[in-house]
Structures are given as structure tokens and as C-alpha cells.
Amino acid sequence: MLGRKGLILGAGVIVFLGLAALTDVIMSRNEAPAEPGKAQALDQGWSKELREKFYFTSQGSQLMPYAMLRALEQPLSDKPFLDPAHVTEMGFLPADGPSALNPDGLPIGFVKDPRPATGALGPMVGLTCAACHTADIEAKNGALIRIDGGASQGDYQLLMARLSKALDITLADPAKFQRFAARLVAMDPKTVRPALEALATEIRRLEAASWTPVPYGRGRLDAFGHILNAVAATAINEPANYRIPDAPVSYPFLWTTPWQRYVQWNGVAGNPLGRNLGEVLGVFGHADFANGNLAAASSTALGENLVALEAWVSGLKPPPWPEKVLGKVDAAKAKRGAELFKANCAGCHGGPDYRLTPAAETEGGRQWLAVSMVDVNTVKTDPKMAMNFITRYAKPGPFTLPPTAPRLPDGQVLAGSLLLAAVSAITENDLRARGITGDARKAAYGWRFAPGSNAPQSGWLLPPSYKAGPLAGVWATGPFLHNGSVPTIYDLLSPEEERPAVFYVGSKRFDAEKLGFVSSYDSIPEAERPRLSRFDTSLPGNSNRGHAFPTGAKLPPENRTAIIEYLKVLEGPDVRH
């Protein structure tokens, strides 16, 4: 009998469930029909109301005034910048329509800041988790399937380029400016142009800061590059600390992440509150270090909402394979794939018997999923992201790091250590300001504390490594490897020399045999080609080498397809709280 050993985590309680028969797993999947023209939501443990909360709850990101974004037109058109077709061109997902939490029908993950406005421009708008962690895939029959917590195809650099160009053309074109100003009914007309000029200047700065020699393309972002620039260069006013954010990674999927010991591709996040606050600072959050008075350091991040978002994600389940639209699972082949998975994959990725961290490591005996951190010299995938992080140094500005902290002769410290100090100052000040102490403080950090310690547990640092996390639901998250350099799981299981050297990202058409998106240019309809990005694995940061397992051997094609069949039904840990 095949299946998974379920795991209940919560309040330190761990109970193991019995094994479920593979055929029962396949037959019991709930596939609710979608409304016509809308994506079908799979049973991932969220209600419609909870999905809406995840899509449209602000985390404190502040990109620009909300009214100005709604008034803005596309660069070369009089249509709204937020027109669903334009949003789709940039790789993001339009909302199905207005709702109670999204009355103006913003795209998924674009959110109005809930705090009262401080000026005539009104409240700000920014991004929340859902912008990069919600996806749709398209079946052969054209049906759309929603993957909550999945990897978006959003093109961050394209968004910034279009936004910058739209603002500049609005300033330059009198007719366009007049239409824009007329929509800002709450503003004094005399103040519109100066405000627009200031905004255009700031967006040009952000666009320039996102420039890279090799474009990210769809579904990738150098998150740590942007976070470190926001903190180490912008917030502490040390321009010399700026670095080109040139190590993009795929947006990771979110299910099971709240229960993993290490999070992020390089494992450096040791607690969810610090991880999520850093993420906000990387996508238009703003930090203020009070001219060096770190006791007053603050940010625009909404700590209470970050805790709520993490709690919602903790109940998100891997997407079940939807047989009615993607095809039936071959149970016999999946059974053979389970044995191959156990022999070749489970040693690093775990499952279906998911390993836990030792109870003695964490206060109260709490246990987490023991994800493997695999040395880059072992996995041999592109090292740029891992190495960028551990080799980057920065002037410390107002921060005083311990004497034992690594530093260069000129006083520069590891940028990662600077980030940790900055995030710690902001989070502790925010918790204190909201009166959150004791166990409530530890709960906000996700209970990531060693016994007897008042400091949150740290993440992974050395040796430079990449996380080999659980693979339940991975079928819906291509392209693969941390840098998105392999289009399908079949390609990933193939010898390195057989993997595509060039492919195209941006199609939602799903390949149910190889598990991944259709990526051959000739296989994608001509109408969809303008929104594709070309992925060249010979370029820096784009290598598709490594992860060549089993070591010293090749999986024959029939074994690759058997593992693929099993990955369609591999279940994750049953996490309840």
C-alpha cells in the first residue's frame, strides 16, 4: 500500500496517521467545477473567502499612490494601465472582478494600503504575497486551473519598465496628462503635475535599480539582491553598498513552507516573521532607521498582517492532481514510480515518510520538517544565487555588529549579517510598540526558539547550499531548479546534456506528460509569442547543469515517466493546527 505518513503539527503535538492506498488517494480528489471563463480552484484547504484574504491583504508594500495607479493609462494606449489584458501581458493575474476586499478589481496581489492617507494623494498601493505566489495553468481543453501558493509568471522588470514609461509619456503628452489629471478628482489640479513628476522620478530610480545584464524574464526575481539593496544601500543611505541584483530565482511555492526548518532557496531564513518582513522591504516596503537611533527603527510593513498571512499559508495544502482536466493517473506506473522515488529522491527531498527535526532543538519540543540543505559542490546547480549572498559585504552604517562578525579590513561586514540586524531591530520595535511580549512574541516568530533562548533561531549559512524541500505538488510549479533553468520534470530527470539549452517561458499551456509548461517556441500559438521570454541556459546565472542524480548513472526514460506519474499523487504532510 502506498501513500504518505501524515503529520499533525501544532502546539507541539505530533501524531502520525496511517498509510492511504494509492488508488484511494487518486479517487478521492475533490474537483469543484469552475465558473465559465474562470480558473478552477483545487482543494488546497482554503475557502473562497480565505483565498480572497490572501490575494488582497496588505503586507505594507507601498509602490505608488493608489489613485494615481488607477488613473494611469498604458504607455502607448488610452486604455487603463490595470486593464486585464495589459496585466496578463506582464505575467500577473487579473482578478475575476470586484469583491468586498477588492472593490476596484485590482489584479491579484495588488493591494491598497489600509492605513489612513496622510496627504491629498490618498493611500498607497503595493504588492502582497499573492502577486508572485499565485498561478494559473491551462489544460489541453483550455480549462484554467488555479494554483494557490504556486509560482507566478509575473515579470517584475517588465512591470517596472511599463510603469516608468507610462508615467513619462503621461508627463510628455498633453492629452494623456489631461485625462490623467481629470481622474484625480480629489486633488487640486495645480498639484497634479509636481506630484506626477516626483512619482516618475522615483519609479525611474526603481526601474534603474532593477536593471540586470541578463533579464529575469517571466516568473523570476533576485529577491535577496533587491532586499539587500533596499536595506544596505537605500535605507541607510550608503550608495556604495548597491549591487546589481543579477541572481534571479524562480518564485518558490508556498505550501508546507511554514512548517519547514529552513526557508528560501539558500535556507537563510530561520523564522517566518523576519523572512516575511525582509520580503516586504524587497517589494516596495520602506525602512526608516531614524538617523541611527535603532531603538526607533521602523518600516511600512504591517506586522500583524504578516503573522496572519503566515497563518493562512500554514493551512495551505499541495494542489491535488485534477484528473478530470489533466488526465487519469496510471496507478501501476505510479506504484513503480514510488519505489524509484524512494531510492533516488527521498534521501534529500523526504516523503512520503517526512522527517522531522529533533524535539530537543526547539522550545516545547516543537518539530519542523527537516529539509535538506545540499552543498552547491554536491548538487552542482548554478551557484550564483548562493554565492552572491555569502560573499557580499557592505558598509554597516548605523549598525554595530559583534566583534566576532566577519569583516573586511575597511570595516565592511557581511551584507546578510547587516540584513539580519536591520530586520531584528524593526521586528522587535514593532512587537514592543504593539505590546506583544512573552509567548505572544514567540508565537509571532512562529515559535522558532531554541530551549531557554530569547533570540529566534538562525537560518542556514555555510557551506553555501540549496534547499531540497518536499515535492508534493511540485508538478504544478515549473520551470524547475532554483533558477528556473529546466522547463519540465522529465527534462530535470534526464542527463544534463539532454536538457534544453534554450526554451521559452510565459505559456500557461501545461504538458501533463512531462510535467511543466509548454516551452518550445514552435509549439506555442503565434498569438501568445509576444509575451514569451527566451531562456538561454548559457548566460550567467542561468545554468541548467547539476542535480544529476542518481550519481554516476542515468535514469532510463521509462523510469523517468514512472517517477513523473508518482509525483502527480505524492502527498504532503497533513499539517493541522
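In this text the structure is predicted, and so the values were computed from the model without any measurement. (Residues numbered from 1 in each chain as written. Predicted model: local features only at pLDDT ≥ 70, side-chain atom pairs only at ≥ 80, totals over all residues. Heavy atoms only, no water.)

**Concerning the overall build of the chain**
Filter applied, for reference: Secondary structure elements follow DSSP: runs of H or I no shorter than four residues count as helices, runs of E no shorter than two count as strands, and numbering proceeds from the N terminus. We compute the radius of gyration over the C-alpha atoms and compare it with the globule rule, which gives 2.2 Å times the number of residues raised to the power 0.38. Throughout this description, buried means an accessible area under 20% of the type-specific maximum (1.4 Å probe, protein chains only), exposed means over 50%, and partly exposed covers the range between.
Summing up its helical and strand segments, the chain has 19 helices and 20 strands in all. Its C-alpha radius of gyration of 23 Å places the chain within 12% of the 25 Å reference for a compact globule of 577 residues. Referenced to the eigenvectors of the C-alpha coordinate spread, the extents of the chain come out at roughly 70 × 60 × 45 Å. In the chain, buried positions account for 55% of the 577 residues.

**Notes on the environment of Pro463**
With respect to the helices, strands and loops of the structure, Pro463 is situated in the loop between helix 17 (438-444) and strand 16 (465-468). For the pair Pro463 and Glu497, spaced 34 residues apart in sequence, the C-alpha to C-alpha distance is 27 Å.

**So, helix 10 (residues 303-314)**
Condition: In this analysis, the expected span of each helix is defined as 1.5 Å times one less than the number of residues it contains. Any pair of residues with heavy atoms lying within 4.5 Å of one another is described as a contacting pair.
The end-to-end C-alpha distance of helix 10 is 17 Å, a good match for the 16 Å that 12 residues give at a rise of 1.5 Å each. Within the sequence span of helix 10, burial applies to Gly303, Leu306, Leu309, Glu310, Trp312, Val313 and Ser314. Contacts made by the buried residues of helix 10 are with helix 2 (48-56), helix 9 (272-282) and helix 16 (415-433).

**Some details on the packing of helix 12 (residues 331-344) against helix 19 (residues 557-567)**
Let me state the cut-off plainly: Fitted lines through C-alpha atoms serve as axes, helices being fitted only where they are in contact, and the angles separating the N-to-C directions of these axes extend from 0 to 180 degrees. Angles below 35 degrees are treated as roughly parallel, those above 145 as roughly antiparallel, those between 65 and 115 as roughly perpendicular, and all remaining angles as oblique. All residues other than Ala, Val, Leu, Ile, Met, Phe, Trp, Tyr, Cys, Pro, Asp, Glu, Lys and Arg, Gly among them, are scored as polar; the first ten of these are nonpolar and the last four charged.
Following both chains from N to C, one finds helix 12 and helix 19 inclined at 100°, their axes separated by 7 Å at the closest point. Classified by the interaxial angle, the pair formed by helix 12 and helix 19 is roughly perpendicular. Here helix 12 contributes Lys333, Ala334, Arg336, Gly337, Ala338, Leu340 and Phe341 to the contact with helix 19, which in turn contributes Glu558, Asn559, Thr561, Ala562, Ile563, Glu565, Tyr566 and Leu567. When grouped by side-chain class, the residues that make up the contact of helix 12 with helix 19 number eight nonpolar, three polar and four charged.

**Focus: the sheet that holds strand 4 (residues 64-65)**
Heads up, the condition is: Strands are labelled as partners when DSSP assigns at least two bridges between them.
Read from one edge to the other, the open sheet built from three strands follows the order 4-6-5, with strand pairing classed as antiparallel. Each having just a single partner strand, strand 4 and strand 5 (110-112) make up the two edges of the open sheet. In terms of strand pairing, strand 5 meets strand 6 (residues 124-127) through three bridges, oriented antiparallel. Residue pairing for strand 6: Phe110 is matched across the bridge by Leu127.

**So, helix 15 (residues 384-391)**
Rules: Taken from the helix axis, the directions to the C-beta atoms give the arc we talk about.
Regarding helix 15, the residues found buried are Met385, Ala386, Phe389 and Ile390. The arc that holds the buried residues of helix 15, viewed along the axis, is 115°, so those residues lie on one side.

**Some thoughts on the pattern of salt bridges**
Rules: Salt bridge, as used here, is a side-chain nitrogen of Lys or Arg placed within 4 Å of a carboxyl oxygen of Asp or Glu.
Under the definition given, this model contains 21 salt bridges. In this structure, Arg146 engages Asp136 in a salt bridge whose closest nitrogen and oxygen atoms are separated by 2.5 Å. Here the residue Arg146 occupies a position in strand 8 (residues 144-148), and Asp136 occupies one in strand 7 (residues 134-138), the gap between them amounting to 10 residues. As far as burial versus exposure is concerned, Arg146 and Asp136 are alike and both buried. Residue Asp536 is joined to Arg534 by a salt bridge in which the shortest nitrogen-to-oxygen separation is 3.7 Å.

**Examining the nonpolar core**
Cut-off, in case you're wondering: We call a set of buried residues a nonpolar core when its members are Ala, Val, Leu, Ile, Met, Phe, Trp, Tyr or Cys and they connect through side-chain atoms within 4.5 Å of each other.
Among the nonpolar cores identified, the biggest contains 61 residues, and Phe54, Ile147, Leu326, Trp475 and Leu567 are the most heavily contacted of them. Listing elements by their share of this core, those giving two or more residues are helix 2, strand 7, strand 8, helix 10, helix 11 (323-326), helix 12, helix 18 (489-493) and helix 19. In terms of residue count, the dominant contributor to this core is helix 19 (five residues). Setting aside chain neighbours within four positions, we find Ile147 in contact with Leu42, Gln44, His133, Thr134, Ala135, Ile137, Trp255, Pro319, Trp475 and Ala476.

**Considerations on the sheet that holds strand 7**
Reading across the sheet, the three strands line up as 3-8-7 and stay open at both edges, with mixed pairing between neighbours. Every interior strand has two partners, whereas the edge strands, strand 3 (40-41) and strand 7, have only one. Bridge count for strand 3 against strand 8 is two bridges, and the pairing is parallel. Each residue of the ladder has a partner; that of Ala41, found in strand 8, is Arg146.

**Concerning the packing of aromatic side chains**
Using the following cut-off: In this scheme Phe, Tyr and Trp rings, the latter by its six-membered ring, pair at centre separations within 6.5 Å, and the angle between planes marks the pair as stacked below 30 degrees, edge-to-face above 60, and tilted otherwise. Only when the NZ of Lys or the CZ of Arg is both within 6 Å of the ring centre and within 35 degrees of the ring normal is a charge said to sit over the ring.
Here the structure, examined in full by the defined rule, presents 17 aromatic pairs. An angle of 90° between the planes, with centres 6.0 Å apart, marks the rings of Tyr55 and Phe56 as edge-to-face. Of the two residues, Tyr55 and Phe56, both sit in the buried class. Taking the centre distance of 5.7 Å and the plane angle of 80° together, the rings of Tyr262 and Trp460 count as edge-to-face. Taken together, the residues Tyr262 in the loop between strand 10 (249-250) and helix 9 and Trp460 in the loop between helix 17 and strand 16 connect sequence positions 198 residues apart. Among the residues examined, Trp460 registers a relative accessible area of 23% and is labelled partly exposed. An aromatic cluster of at least three residues, connected via ring pairs, comprises Trp321, Trp475, Phe510 and Phe517. Between Arg448 and the ring centre of Trp368, over which it is positioned, the NZ or CZ distance is 3.9 Å.

**Structural notes on the environment of Ser58**
Applied cut-off: Polar contact is the term for a pair of N or O atoms within 3.5 Å; when the atoms are in protein, one must be able to donate a hydrogen and the other to accept it, and sequence-neighboring residues count only if both atoms are side-chain atoms.
When you line up the elements, Ser58 lands in the loop between helix 2 and strand 4. A sequence separation of 244 residues divides Ser58 from Leu302, and the C-alpha atoms of the two residues are 7.5 Å apart. Sequence-distant contacts of Ser58, defined by excluding residues within four places in its chain, comprise Val111, Lys112, Asp113, Pro114, Thr128, Leu302 and Asn305. Looking at Ser58, its side chain comes within polar contact range of the main-chain nitrogen of Gly60, at 3.1 Å.

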